[in-house]
Amino acid sequence: MIPHFAPGVRLHHDKARARWVVMAPERMFIPDETALEVLHLVDGARDLDAIIDALVAKFAAPRDAIAADVHAMVEDLTNRGALQA
Amino acid sequence: MGRCFRASGGAWLPIVEITAAARDAGLYTNLITAGVLLDAPLLARLKAAGLDHVQLSIQDAEAEGAERIGGMKGAHARKQVAARLVREAGLPLTLNAVVHRQNLHNLPAMIDLAIAWGAARLEVAHVQYYGWALENRAALMPTRTQLDEATRVVEAARARHKGRLVIDYVVPDYYAARPKPCMGGWGNRFLAVSPAGNVLPCHAAESITGMVFPNIRSTSLRAAWEDSEAFNRFRGTAWMPSPCQGCENAERDWGGCRCQAFALIGDAAATDPACALSPHHAVLASAIAEAGDAAFIYREFSAAQS
Ligand code: SF4
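The text that follows walks through the structure, step by step, so that each part is easy to find. Just so it is clear, the structure is predicted and the values come from calculations on it, not from any experiment. (Residues numbered from 1 in each chain as written. Chains lettered and ligands numbered in written order. Predicted model: local features only at pLDDT ≥ 70, side-chain atom pairs only at ≥ 80, totals over all residues. Heavy atoms only, no water.)

**Observations concerning the pairing of strand β2 (residues 28-33) of chain B**
All names here are of chain B.
Part 1: Of all the 6 residues making up β2, 5 are buried; the element is thus mostly covered by neighbouring parts of the structure.
Part 2: Alignment of β2 against strand β3 (residues 53-58), held across 4 bridges, turns out to be parallel. Along β3, the bridge assignment pairs Leu31 with Val54.
Part 3: Considered for its hand, the β-α-β crossover made up of β2, helix α2 (residues 40-48) and β3 is right-handed. (Buried < 20%, exposed > 50% of the residue type's maximum accessible area, 1.4 Å probe, protein only. Helix = DSSP H or I, 4+ residues; strand = E, 2+ residues; numbered from the N terminus. Pairing = 2+ DSSP bridges. Right-handed = clockwise from strand over helix to strand, strands pointing away.)

**Some remarks on the packing of aromatic side chains**
Residue and element names in this part refer to chain B.
Part 1: Considering all chains together, one arrives at 3 aromatic pairs over all chains under this definition.
Part 2: Arranged with centres 5.2 Å apart and planes meeting at 85°, the rings of Trp186 and Phe234 form a pair that is edge-to-face. Here Trp186, found in the loop between β6 (166-170) and β7 (192-193), pairs with Phe234, found in the loop between α10 (229-233) and α11 (250-253); they are 48 residues apart in sequence, far enough to count as distant. We note that Trp186, like Phe234, is buried.
Part 3: Ring centres of Trp225 and Phe231 lie 5.6 Å apart, and the angle between their planes is 50°; this geometry places the pair in the tilted category. As far as burial versus exposure is concerned, Trp225 and Phe231 are alike and both buried.
Part 4: The structure contains a cluster of three or more aromatic residues connected by ring pairs, namely Trp186, Phe234 and Trp239. (Phe/Tyr/Trp six-rings, centres within 6.5 Å; stacked < 30°, edge-to-face > 60°.)

**Comments concerning the interface of chain B and chain A**
Part 1: Counting residues at the interface gives 19 residues for chain B and 18 residues for chain A.
Part 2: Between the two partners, chain B and chain A, sit 2 salt bridges.
Part 3: With its nearest N and O atoms 2.7 Å apart, the salt bridge here joins B:Asp52 to A:Arg10.
Part 4: On inspection of chain B and its partner chain A, the count reaches 5 residue pairs in polar contact (both at pLDDT 80 or more).
Part 5: Breaking the side of chain B that touches chain A down by element, the ones donating at least two residues are β2, β3, β5 (121-126) and β6 of chain B. (Contact = heavy atoms within 4.5 Å. Salt bridge = Lys/Arg side-chain N within 4 Å of Asp/Glu carboxyl O. Polar contact = N/O pair within 3.5 Å; in protein donor to acceptor, adjacent residues only side chain to side chain.)

**As for the nonpolar core**
Part 1: Core analysis: the largest hydrophobic core is formed by 45 residues, its most contacted members being B:Leu95, B:Leu107, B:Ile111, B:Leu122 and B:Ile167.
Part 2: Excluding anything up to four places from it in sequence, B:Leu122 contacts B:Leu95, B:Ala97, B:Met110, B:Ile111, B:Ala114, B:Leu165, B:Val166, B:Ile167 and B:Asp168. (Core = buried A, V, L, I, M, F, W, Y, C linked by side-chain atoms within 4.5 Å.)

**Brief notes about empty space enclosed by the protein**
Part 1: Under the criterion given, the structure shown has 4 cavities of 30 Å³ or more.
Part 2: If you add up the space inside the largest cavity, you get close to 180 Å³.
Part 3: A:Ala6, A:Val9, A:Gly81, B:Ala120 and B:Val166 are, among the 21 residues lining the largest cavity, the residues nearest its centre.
Part 4: Secondary structure elements with two or more residues in the lining of the largest cavity: β5 (83-84) of chain A together with β4 (93-99) of chain B.
Part 5: Residue classes in the lining of the largest cavity are distributed as 11 nonpolar, 6 polar and 4 charged.
Part 6: Space inside the second largest cavity adds up to approximately 100 Å³.
Part 7: Forming the boundary of the second largest cavity are 14 residues, of which B:Cys182, B:Gly185, B:Trp186, B:Gly256 and B:Arg258 lie nearest the centre.
Part 8: Its residues assigned to classes, the lining of the second largest cavity shows 10 nonpolar, 3 polar and 1 charged. (1 Å grid on protein atoms, 1.4 Å probe; cavity = no way out; pocket = protein on both sides within 12 Å on 5 of 7 lines; lining within 4 Å. Points joined across faces, edges and corners; volume = space filled by probe spheres on them. Nonpolar A, V, L, I, M, F, W, Y, C, P; charged D, E, K, R; others polar.)

Take it as geometry only, folks, not as evidence of what the structure does.
Structure follows, in structure tokens:
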């Protein structure tokens, strides 16, 4: 499964507040640090495994734990219409 | 201030240029339209300018019902074409359905329509009782039973179309004990610029007659936001009357909607009568009791079109 941002949804750097936001029609999500790491890897090319691999290479956490976080987060954002697979 | 730019207004506005400038400024751009004047070349130019999203209003799921309520013949067919053009341009689509007593039974059909027209989002909004709708309130106010049924329909559809259709649905505050935090507070998060250039704390703010709003031709957005009398008039909590003054909800609902207070009791500085603590709350209770079979009074514009 290759997640990508749903049409009309984008990750945006809000310079005034020095934070990243996910902008979507009539709503805005403020990702926490973990979610942001994942969202930066959502490029419409990497599949979930590749995203998890990239995070495993970057962070000192067990693959299982990272995989569980990524799956939960992607599912949540998909249900809210921000991501699509 | 908000980070979202919503274009709506006259067809003569330079919306392609406005969209490009808003995108440059890092804003989310949303075109709100009745769909009647959209065509493929305009959509292509808007998309090239960076338009993020299109919101199309529908009045009903069935052409006949839609035209009785909208008072404009053929509009529904043109909206269907507009929806197709938006999707063909590769732009995401939201349908906005304004619901009330006369069309709430068609909610399941509106949801099907959103799916059929390729919308990723459906906004189900209860009509706000200002202006035209206020005169027709008795004919438009849904009954409690209708509302409960609508909530059930929305929840079932959300589950059925999970991941495919987002449904935003807000229960009208006529049936709630506390008012909506209108605009997240006056002059707190949102501003609008009208086609005439007036800078407004809410797109309906001009319904409050007697208020003077700053105009973008003679002032900057910053000055309008920070220094204008209009924006400061109901900002924060200091302006609040009792029972809002000192109420634990004051910074949660900001005393409700100024336009609704003005429309229903003639005083924009009063507690929103949607609040059960308002001394004027009975105005709403009696409106609910009145919900009946009254006929429509059409707006001038619609009447002139038919
Ligand atoms: S009294 Fe005012 S602040 Fe308190 S709940 Fe009602 S509207 Fe909100």
